[in-house]
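Structural overview
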Amino acid sequence: MKEKINEILQEVESFATDSLDKLEEYRIGYLSKKGKIPALFGDFKNVVPEDRKEMGQLLNELKNKAQSKLNLLKDEITTKKETSVDDDIDLTRPVEFRDVGTRHPLSIVRRQILDIFDRIGYTVAEGPEIENDWHNFSALNFPEEHPARDMQDTFFVSDDKTPSAEKIALRTHTSSVQARVMENNKPPIRVVAPGRVFRNEAISARAHCIFHQVEGLYIDHNVSFADLKQTLYYFAREFFGEDTKVRFRPSYFPFTEPSAEMDISCKICGGKGCKICKYSGWVEILGCGMVDPNVLESNNIDSKEYTGFAFGMGIERITMLKYQINDLRLFFENDIRFLKQFEGAF
Ligand code: PHE
C-alpha cells in the first residue's frame, strides 16, 4: 500500500500541462470517483490495524496534494489565456478605418473657390450674419425707402416701428462684408468673403431662405472693367475647366456701376442646349460690377484716387452645376445617402 501511495504521489508531483483537456483527464484519472486515489481509499479496509493510522495520514496527504495541484494548474491555464492576447497581435493586418463622416458639398466647393482666389492674392474676410441697416444697405448705396431694397426680401430682427436707419436684419447678401472691410482698411484691398445669407423666400427646388455666397472686392489705383473680366474669366476656367467660355450681360445693382451678370457655357451640354441651361447654352453664375463711387465715398475712400470691382456668387448654384444636383433642398436635409456621395472629396 505504501509503495502504491508513493508511486501515485510521484505521478501527481511530476504532472504538468497547459491544456485544460489534459487537466480534465488528470482529474478523472486521479480524483474522480473511479480515479486512482479513491480506489486506494477503497483498499484501506485491507490495511492491518497497526498500519492504519500511518496509511490514513499518507492517503489524505496524497489526496490533498492531488487536489491542490489541480486547482493550481487550472488557475495558471485560465489566467494565461486571458493575458495571452498581446502575443497574438498581427502587425501586418490592414488598419480598420473609422467612419468619420464626409465633408459637406458646400464646404468642398467653398474651399475650392477660396483656394482659386488665394492663388491670386485675395485674403479671406468675414462679417456677422445679423447685420445693421448701414452695412447691409445704406453703405452700399441703397437709399432709404428706395425700392431697390425690395430686390431682396429681408428678414428683420427689429420690429416695423424701428426707423429704417436703426433696423437690424439677417444679412441678405455678403456685400455687407464689403462695407465692413472698407471701413477698417485702406486700399489696396483684395478680399473674398464667404458666408451664409438669408432671404424671406418660399423654399423650393430652386430657392431657399438660407443660402451661401462668396463676395469678392478689389480696390486699388487704376482698377478697370478689363481687370474684372480677366479675374472672373480666370476663376471660371480654374473652377469649371480650361474650355469654359464666359459672357457678361448688363445688369443692375445699387452698389456697382456699371453692373453685369456673368454666364458660363453650360457644362452639362457643352453649350448645345439642355434642360439645365434652358436650351440657351449658358448658365448664370454671378453678379458683378465696378464699385459705385458713392459706395467708396460712403466708406471714406477717395473715389477720384481709387477704383475697384466687386462680385458675388451663390455657392449652392455653383455646387449644383458642378455636381449636377437638381434640388437645392438636398443641401439642408443632411440625408446620409446624399452626403456619402462626396466621400473623399476635399
Ligand atoms: N450682392 C449681390 C447679390 O446678392 C451680388 C453682387 C455682389 C453683385 C457684388 C455685384 C457685386 O445678388
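So, here is what we can say about the structure in this document. (Residues numbered from 1 in each chain as written. Predicted model: local features only at pLDDT ≥ 70, side-chain atom pairs only at ≥ 80, totals over all residues. Heavy atoms only, no water.)

What to know about the site of the ligand
Counted only if it meets this: Think of it this way: one heavy atom of a residue within 4 Å of a molecule or strand is enough to make that residue near it. A 3.5 Å cut-off defines polar contacts: any pair of N or O atoms within that distance qualifies, except that in protein one atom must be a possible hydrogen donor and the other a possible acceptor, and neighbouring residues in sequence count only when both atoms are side-chain atoms. Whether a set of points on the 1 Å grid over the protein atoms alone is a cavity depends on a 1.4 Å probe fitting there but being unable to get out, while an open set qualifies as a pocket with protein on both sides within 12 Å along at least five of seven lines; lining residues are those with an atom within 4 Å of a point. Think of it this way: if more than half of a molecule's atoms are within 2 Å of a pocket's grid points, that molecule is in the pocket or cavity.
Lining the immediate surroundings of the ligand are 15 residues, of which His173, Ser175, Arg199, Gln213 and Glu215 lie closest. Here a nitrogen atom of the ligand and a side-chain polar atom of Ser175 are 2.9 Å apart. The side chain of Gln213 places a nitrogen or oxygen atom 3.0 Å from an oxygen atom of the ligand. More than half of the atoms of the ligand fall within 2 Å of the grid points belonging to the largest pocket.

Let's talk about a nonpolar patch on the surface
Applied cut-off: A patch consists of residues exposed above 30% relative accessible area that lack any salt bridge, with like charges linked at up to 9 Å and nonpolar side chains (Val, Leu, Ile, Met, Phe, Trp, Tyr) linked at up to 5 Å. Computed with the Shrake-Rupley method and a 1.4 Å probe, the accessible areas treat only the protein chains shown as cover for residues. Salt bridges are defined as contacts in which a side-chain nitrogen from Lys or Arg sits within 4 Å of a carboxyl oxygen from Asp or Glu. Secondary structure elements follow DSSP: runs of H or I no shorter than four residues count as helices, runs of E no shorter than two count as strands, and numbering proceeds from the N terminus.
A contiguous nonpolar surface patch, about 250 Å² in accessible area, is contributed by Ile130, Val157 and Ile168. With respect to the helices and strands, Ile168 occurs in strand β3 (residues 168-170).

Comments concerning the environment of Gly289
Short version of the rule: Only heavy atoms matter for contacts: two residues are in contact if any of them lie within 4.5 Å across the pair.
Along the chain, Gly289 turns up in strand β8 (residues 282-291). Note: C-alpha distance between Gly289 and Lys322 (33 residues apart in sequence) is 24 Å. With near-sequence residues (within four places) excluded, Gly289 lies in contact with Leu228, Thr256, Pro258, Ser259, Gly308, Phe309 and Ala310.

A closer look at the packing of helix α5 (residues 105-118) against helix α10 (residues 315-323)
Rules: Think of each axis as a best-fit line through the C-alpha atoms, taken over the contacting stretch in the case of a helix, with angles from 0 to 180 degrees between the N-to-C directions. Any angle between 65 and 115 degrees counts as roughly perpendicular, while under 35 counts as roughly parallel, over 145 as roughly antiparallel, and the rest as oblique. Lys, Arg, Asp and Glu make up the charged group, whereas Ala, Val, Leu, Ile, Met, Phe, Trp, Tyr, Cys and Pro make up the nonpolar group; the residues left over, Gly among them, are polar.
Running from amino to carboxyl end, α5 crosses α10 at an angle of 100°, the nearest separation of the two axes being 9 Å. Relative to α10, the element α5 lies roughly perpendicular. Contacts from Pro105, Leu106, Ile108, Val109, Arg110, Gln112 and Ile113 of α5 reach α10 at Ile315, Glu316, Ile318, Thr319, Lys322 and Tyr323. Here the residues of the contact of α5 with α10 sort into eight nonpolar, two polar and three charged.

Topic: the layout of surface pockets
To be explicit about the condition: Grid points are joined across faces, edges and corners, and a volume is the space filled by probe spheres set on the points.
Of the pockets and cavities examined, the largest pocket occupies roughly 1,300 Å³. Lining the largest pocket are 48 residues, with Arg206, Glu284, Ile285, Gly314 and Arg317 positioned closest to its centre. Each residue belonging to the lining of the largest pocket can be placed in one class, and the counts come to 21 nonpolar, 15 polar and 12 charged. The volume enclosed by the second largest pocket comes to roughly 210 Å³. Taken together, Asp133, Phe137, Glu145, His146, Arg149, Asp150, Gln152, Asp153, Thr154, Phe156, Ser164 and Lys167 make up the lining of the second largest pocket. Considered class by class, the residues forming the lining of the second largest pocket number two nonpolar, four polar and six charged.

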